[in-house]
Amino acid sequence: MQFVLTDKLITDALRYMKVPPGSATPELVETVRGAFNRLEGFETPRCVFGRFHIVHFDGGIELEGAYIYSNDIARLTSRSDECYLLAATLGHEVDRQITLEQQKNMLDGLALDACASVRVDAFIDDFIKNEIVPGLREREFLTSRFSPGYGDLKMSVTEDIITILNATKYIGLSFTRSMMMSPIKSVTAIIGLAPKK
C-alpha cells in the first residue's frame, strides 16, 4: 500500500506534539513534513490479522481460549458472533531512529516520534480498508476498531492478541514485562463483525 502524506496526517502529528490547533509555524510544519518523509526510508509496515468466533459472557468475550474482560468490548461486539484481531507494526528500525534523533535534536526526535505514531494508525486503517473490507460477506459490517489500553480494555490483552495471531513469528511483535509492545510503534486491535439490519 502506497503511503500518501496528507494535511490531516500533518495535523494529527502536530496534535501528538501537543501543538495547539492553528498555532504551528511554517517551519514546524516543514519539520513534521520532513519527519514523515524520513520515516518512509526506514519503516517496514507489516500487519497480521485473523477472523475468530466469539463467545459472549457477562462483562466480556472469549475467543480462542482467551477470556477478555471488558464492558467496552462486550458492548462493541454485542451484535457480533465473530471478530477480527489485528496487529501491525512499523518495525524495530523506526524505534532505533527515533532514539538516535532524540539524542541529536529533541524537536526533530519529537516530530519523528509523533509522525510514527500517526503513521502506524494510518497504516492499520488503510490495511482494514484495502485488505479486510473487500472480503466481507454480503450484509456484514465492521464495528470501529478498539485497542488495548483504551476504555476498560486492559493493556495486557495485547499479549492475548499477539499470541492468538502468532504475531511474534509473522511480524516480529512481542509484549514486554513492562507492558509495552516491541517494536513500540505498533498497534493491536479488536474489530466486531456484525450483520447489517
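This section reports on the structure supplied with the text.

Thresholds applied
Residues numbered from 1 in each chain as written. Predicted model: local features only at pLDDT ≥ 70, side-chain atom pairs only at ≥ 80, totals over all residues. Heavy atoms only, no water. Pairing = 2+ DSSP bridges. Helix = DSSP H or I, 4+ residues; strand = E, 2+ residues; numbered from the N terminus. Axes fitted to C-alpha atoms, helices over the stretch in contact; angles between N-to-C directions. Core = buried A, V, L, I, M, F, W, Y, C linked by side-chain atoms within 4.5 Å. Buried < 20%, exposed > 50% of the residue type's maximum accessible area, 1.4 Å probe, protein only. 1 Å grid on protein atoms, 1.4 Å probe; cavity = no way out; pocket = protein on both sides within 12 Å on 5 of 7 lines; lining within 4 Å. Points joined across faces, edges and corners; volume = space filled by probe spheres on them. Nonpolar A, V, L, I, M, F, W, Y, C, P; charged D, E, K, R; others polar. Contact = heavy atoms within 4.5 Å.

Quick look at the sheet that holds strand β1 (residues 46–53)
With respect to topology, 4 strands assemble into an open sheet ordered β1-β5-β9-β6, the strand pairing being antiparallel. The open sheet has two free edges, formed respectively by β1 and β6 (140–146), since each of these has just one partner strand. Recorded for the sheet is a direction-independent mean angle of 20° between the axes of neighbouring strands. Of the pairings in the sheet, the one linking β6 to strand β9 (residues 186–195) comprises 5 bridges and is antiparallel in character.

A short note on the sheet that holds strand β4 (residues 66–69)
One open sheet accounts for 3 strands, arranged β2-β3-β4; its pairing is antiparallel. Looking along the sheet, the strands with just one partner apiece sit at the ends: β2 (55–57) and β4. Averaged over all neighbouring strand pairs, the angle between strand axes comes to 25°, with direction disregarded. By the bridge criterion, 4 bridges tie strand β3 (residues 60–63) to β4 in an arrangement that is antiparallel. The residue of β4 that forms the bridge with Glu-62 is Tyr-67.

Considerations on the nonpolar core
Counting 38 residues, the largest nonpolar core has Met-17, Val-32, Phe-36, Tyr-84, Leu-86 and Leu-142 as its most contacted members. Of all elements in the fold, only α1 (7–16), α2 (26–42), β5 (82–89), α4 (92–104), α5 (106–132) and β9 reach the threshold of two or more residues within this core. Looking at this core, the element that brings in the most residues is α5, giving 13 residues.

Overview of the layout of surface pockets
Within this model, the largest pocket holds a volume of roughly 430 Å³. In this structure, the largest pocket is lined by 20 residues; those nearest its centre are Pro-148, Tyr-150, Met-181, Ser-186 and Val-187. Grouping the amino acids of the lining of the largest pocket by side-chain chemistry returns 11 nonpolar, 6 polar and 3 charged.

Here's the deal with the environment of Phe-42
For Phe-42, the location among the structural elements is in helix α2. Distance in space between the C-alpha atoms of Phe-42 and Ala-111 is 15 Å, their sequence separation being 69 residues. Beyond its immediate chain neighbours, meaning those up to four positions away, Phe-42 contacts Glu-93, Val-94, Gln-97 and Leu-112.

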